[in-house]
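Given next are the chains, with one letter for each unit.
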Amino acid sequence: RKKHPLRIPVDDDQHQSADIHVHDDDNMYFTASLQRDVSSLRLSSIDYEAKQQAETKFNGNGNDQKSAPPSSSSSSSLAFDFKPKWMFLNESPFIHPDNIKRRVCRFAMHQRLKYGSQCKQNISKFCPLSLLSDDVHVIAENLQHLMHAKQTNFNILYESSTLKSYECIRSSHIYQIASIILRHRDLFLKLSLLQRLDEYDIACYYKMWMQLKTRNKLHLIEPFMRDTKHLDVIIAELQKKYLRRNEHDCGVTTASTMRCACHCDKVDIKAMAHRHRYAQNNENTAQQYNVKMDEFVHHMSDDQLLINITKFALSTVFKDCQTVITIDLNELNRYKITIIDLHPKPIQRIETKWLDQDMEIVENY
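Given the structure is predicted, the values throughout are model-derived calculations rather than measurements.

1. As for the overall build of the protein
- Helix and strand counts for the protein stand at twelve helices and ten strands.
- Split into buried and exposed, the 365 residues of the protein put 51% on the buried side.
- Long-range contacts, defined here as pairs at least 24 residues apart, represent 73% of the contacts in the protein between residues at least 6 apart.

2. With respect to the environment of Ser165
- Relative to the helices and strands, Ser165 resides in the loop between β8 (161-163) and α3 (171-183).
- Residues Ser165 and Met147, 18 residues apart in the sequence, show an inter-C-alpha distance of 9.7 Å.
- One polar contact links the side chain of Ser165 to the main-chain amide nitrogen of Glu167, over a distance of 3.2 Å.

3. What to know about the side chain of Asp198
- Note that Asp198 resides in the loop between α4 (185-195) and α5 (202-214).
- Using a relative accessible area of 9% as the deciding quantity, one classes Asp198 as buried.
- Within polar-contact distance, the side chain of Asp198 engages the side chain of Lys319 at 2.7 Å.
- Ignoring any residue separated from it by four or fewer positions in sequence, one finds Asp198 in contact with Trp86, Phe88, Tyr205, Phe312, Ser315 and Lys319.

4. A few points about the pairing of strand β6 (residues 77-82)
- With five of six residues buried, β6 is to be regarded as a mostly interior element.
- Taken together, the six bridges between β6 and strand β9 (residues 322-328) define a ladder with antiparallel strand orientation. Paired with Leu78 across the strands is Ile327, a residue of β9.
- Pairing of β6 with strand β7 (residues 154-158) involves five bridges; the strand directions are antiparallel. In the sheet register, Asp81 faces β7, and the bridge partner there is Asn155.

5. What about the packing of helix α1 (residues 106-115) against helix α12 (residues 349-364)?
- Where α1 meets α12, the axes come as close as 8 Å, and the angle between the chain directions of the two elements is 80°. As summarised for this structure, α1 and α12 are arranged roughly perpendicular, according to the angle between their axes. Judged by residue contacts, Arg106, Met109, His110, Arg112 and Leu113 of α1 engage Gln357, Asp358, Glu360, Ile361, Val362 and Asn364 from α12.
- Tallied by class, residues from the contact of α1 with α12 come to four nonpolar, three polar and four charged.

6. What about the pairing of β7?
- In terms of burial, β7 is a largely internal element, four of the five residues being buried.
- As defined by bridge partners, β7 adjoins β8 across two bridges and the pair is classed as antiparallel. Each residue of the ladder has a partner; that of Leu157, found in β8, is Thr162.
- The antiparallel pairing of β7 with β8 creates a hairpin that spans two residues between the two strands, and Glu159 there sits at a positive phi of about 55°.

7. Some details on the pattern of salt bridges
- The tally for this structure, following the rule as stated, stands at 17 salt bridges.
- Of the charged contacts, one joins Glu91 and Arg196 as a salt bridge, the two residues approaching to 3.7 Å between their closest N and O atoms. Of the two residues, Glu91 is situated in the loop between β6 and α1 and Arg196 in the loop between α4 and α5; the sequence distance between them amounts to 105 residues.
- What makes Arg196 buried here is its relative accessible area of 17%.
- Where Arg215 meets Asp302, a salt bridge forms, and the shortest distance between an N and an O atom there is 2.7 Å. Remark: Asp302 occurs in helix α11 (residues 302-319) and Arg215 occurs in the loop between α5 and α6 (221-226); sequence separation between them is 87 residues.
- You can call Arg215 partly exposed: its relative accessible area is 23%.
- Residues joined by salt bridges that share partners form a network here, namely Lys83, Lys85, Asp320, Asp341 and Lys345.

8. Some thoughts on the packing of helix α7 (residues 228-243) against α11
- For the pair α7 and α11, the least separation of the axes is 11 Å and the interaxial angle reads 65°. One way to sum up the angle between α7 and α11 is to call them roughly perpendicular. In this structure, α7 crosses over α11, and the sense of that crossing is right-handed. Contacts between α7 and α11 involve His230, Leu231, Ile234 and Glu237 from the former and Ile307, Thr310, Lys311 and Leu314 from the latter.
- Considered class by class, the residues forming the contact of α7 with α11 number four nonpolar, two polar and two charged.

9. A few points about the side chain of Thr323
- Secondary-structure assignment places Thr323 in strand β9.
- Once residues within four sequence positions are removed from consideration, Thr323 is found in contact with Phe80, Asp81, Phe82, Pro84, Phe188, Ile337, Thr338 and Ile339.

10. Remarks on the environment of His184
- Secondary-structure assignment places His184 in the loop between α3 and α4.
- Among the residues examined, His184 registers a relative accessible area of 2% and is labelled buried.
- Sequence spacing of His184 and Ile337 is 153 residues, and the spatial spacing of their C-alpha atoms is 9.3 Å.

11. Section: the nonpolar core
- Leu78, Ile156, Ile169, Ile181, Met208, Ile309 and Ile347 are the most contacted members of the largest nonpolar core, which has 84 residues in total.
- The leading source of residues in this core is α11, at nine residues.
- Residues within four places of Ile169 in sequence aside, it is in contact with Leu78, Phe80, Met147, Ile156, Leu163 and Ile174.

So, how was this worked out
- Numbering of residues starts from 1 in every chain and runs along the sequence as written.
- Only residues with pLDDT of 70 or above have their local features reported here, since the model is predicted, and side-chain atom pairs are shown and tallied only from 80 upward, although totals for entire chains, interfaces and linings are computed over all residues.
- Heavy atoms throughout the structure, all of them, feed into the side-chain values; hydrogens and water do not.
- Secondary structure counts use DSSP, requiring at least four H or I residues in a row for a helix and at least two E residues in a row for a strand, with both numbered from the N terminus.
- Relative accessibility under 20% of the residue-type maximum defines a buried residue, over 50% an exposed one, and the middle range a partly exposed one, all with a 1.4 Å probe and only protein chains included.
- Here a residue-residue contact requires only that any non-hydrogen atoms of the pair lie within 4.5 Å.
- Counted as a polar contact is a pair of N or O atoms within 3.5 Å, where, for protein atoms, one must be capable of donating a hydrogen and the other of accepting one, and residues adjacent in sequence contribute only when both atoms are in side chains.
- Note: two strands are recorded as paired if DSSP finds a minimum of 2 bridges between them.
- Interaxial angles span 0 to 180 degrees and are taken between N-to-C directions of axes, which are lines fitted to C-alpha atoms, for helices over the stretch in contact.
- Every angle not falling under 35 degrees, over 145, or within 65 to 115 is termed oblique; those three ranges are roughly parallel, roughly antiparallel and roughly perpendicular.
- Under the grouping applied here, Gly and all other residues not named as nonpolar or charged are polar, the nonpolar ones being Ala, Val, Leu, Ile, Met, Phe, Trp, Tyr, Cys and Pro and the charged ones Asp, Glu, Lys and Arg.
- Definition used for salt bridges: Asp or Glu carboxyl oxygen within 4 Å of a side-chain nitrogen of Lys or Arg.
- Here a crossing is taken to be left-handed if its near helix is turned anticlockwise relative to the far helix by less than a right angle, and right-handed if that turn runs clockwise.
- Buried residues of nine kinds, namely Ala, Val, Leu, Ile, Met, Phe, Trp, Tyr and Cys, make up a nonpolar core once their side-chain atoms join them within 4.5 Å.

Below you can see the structure in the form of C-alpha cells.
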C-alpha cells in the first residue's frame, strides 16, 4: 500500500491540515485528519461479524442536556464520549526501576493531585490501560468507573444531547460499548503506540529542549515539523513496531503490566512510595541516571534532538484526544467510532509547564 505523509500544524495561528495514516493490512486501516477547528477520523474496518464499513465525522454540536432514558424510536442513538488518556506505563531508560511511574498509570496519579485527600469520593478508579485488555469484563468495569466518577473526561449523549443522569443506562449498554472497544482493540493499540512516542520521559525532553536553546536552534523546530520527510520516518518506525507485535500485544502491554495497570488502586502505595523516595533521594543513584541522561542528550545531533521533540509533540496530541462511540439502540451491529480533539499542544510547554506539572503529580502521589 502506498505510504502517506504525516503532517501536523505547529501552532494555533496556522490553518494547515495534518494527516496521520496507520496501516494494518490484515484487519484495519484508519486515517485521522487534523485541522485547526475541525478534527475527523475515517475508520474503515473489516468487521469480524457484519463485514461492515463505518465512516464518521465530528461536528462539535449538541450541548443541550436531557435526562430522558433511551427510547426505542426508529433513530435513537446513544454516544459514549471519553478520553482514553495515557494508555502506557513509563519505560524510559532514564528513570529508576523503582520509580512510581513504572508501576502506576499517569491517570491514577493525576487523580490524587486533582481531588486530593479532601475529595477522595470523587477520585475515579478508571485505568486507561484497561482499554487494551482482551477481557470484556475488565473494560466494562472501567467504563462503569468513568460513569460513577462523573468527571469532565466522560459524557453520555442521547440523541446528541448530554444526559444529566446515567440512571437510565443499562448494563447491556455498557457491555455493548465494551465489546466494541474489544472488537477494535487494534485501534486503541495504535493510539497507545502514538502516545508512546514519548519514550524518554518529560525530564529528558526538557533537557533536549534546553540543549536546542543553548545551541540557538529552537527556531528550527517549527520548519522541521512541517517537513514531511522527517514525519514519514516517524510513521515508518511506528509501522515496524506494529508489525513486530507479539500476537495481539503489539509490544504495548504485557501480562504483568495489565495486572498492575487495571488495579492501580490496589498497588501497595506505601511500599511503592518508600522505594520511589529512596531511589530519588539516593544521591549516587540519582546522579547516575542524570549523568546518563545528560550524556545521551549532549551527544545528540541537531536533527536527533529535533526528531525526538517532534515525536514528543505528536504524543501529547494523542494523550489528550477523545473517543466517541455511538451505538444504534435498535440495531446492535450499527455503531460509529470517532476520534476527536486532535489539536496540537503548544510545544513551548516542555519548558513552561509539563516538567513542573509532572514533578508535582509524582511527588503528590
